[in-house]
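Residues per chain are reported as follows:
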Amino acid sequence: MDQRVSLITIGTDDMNGSARFYEAIGWRRVETPDGVIAFDLIGQVLGLYPLDKLAEDIGCTPGDLGQGATTLSYNCAAKEQVGEVLAAAEAAGATILKPASDVFWGGHHGYFRAPEGTIWEVAHNPFSALGPNGEFRWNGYG
């Protein structure tokens, strides 16, 4: 697993209020499907997602997410890499929360909890090709 973060997802009960905060500090939204708000960063994306939907996607309750309800995401260039990265994380001591599987928006992903409690998503997004150095952009480098 390369040393990088692709997507920072913040679970929130107030999507619009959270988005207004980031817009107030000068960030601009990028086009996204319904239910997701995203801001391109330099080499990463910050995503806002409904807290209840984030918990449902992982397979737990919102209370199980802990303070901040944040996941860090690592995007893979190919679908088969998702399972490989999850296996490497598990071998290193992580707990698999959701095995690699196809997801409703057309991608492939899974989740693990690192030993210190951080929740990571490992994903392949066929609509967002990674850049030559693994850079992630919501709509890809194409």
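The coordinates are above.
Residues numbered from 1 in each chain as written. Predicted model: local features only at pLDDT ≥ 70, side-chain atom pairs only at ≥ 80, totals over all residues. Heavy atoms only, no water.

### Points about the packing of aromatic side chains
Thinking step 1. Scanning the model with the defined rule gives five aromatic pairs in all.
Thinking step 2. Judged by centre distance (5.7 Å) and plane angle (45 degrees), the rings of Tyr22 and Phe39 are tilted. Of this pair, Tyr22 sits in helix α1 (residues 15-24) while Phe39 sits in strand β3 (residues 37-40); the two residues are 17 residues apart in sequence, bridging distant segments of the chain.
Thinking step 3. Joined through ring pairs, the aromatic side chains of Phe21, Tyr22, Trp27 and Phe39 make up one cluster. (Phe/Tyr/Trp six-rings, centres within 6.5 Å; stacked < 30°, edge-to-face > 60°. Helix = DSSP H or I, 4+ residues; strand = E, 2+ residues; numbered from the N terminus.)

### Re the side chain of Thr12
Thinking step 1. Along the polypeptide, Thr12 turns up in strand β1 (residues 7-12).
Thinking step 2. By relative accessible area, which is 11% here, Thr12 ends up buried.
Thinking step 3. At a separation of 2.9 Å, a polar atom in the side chain of Thr12 contacts the side chain of Ser18.
Thinking step 4. Setting aside residues up to four positions removed in sequence, Thr12 forms contacts with Ser18, Tyr49, Pro50 and Leu51. (Buried < 20%, exposed > 50% of the residue type's maximum accessible area, 1.4 Å probe, protein only. Polar contact = N/O pair within 3.5 Å; in protein donor to acceptor, adjacent residues only side chain to side chain. Contact = heavy atoms within 4.5 Å.)

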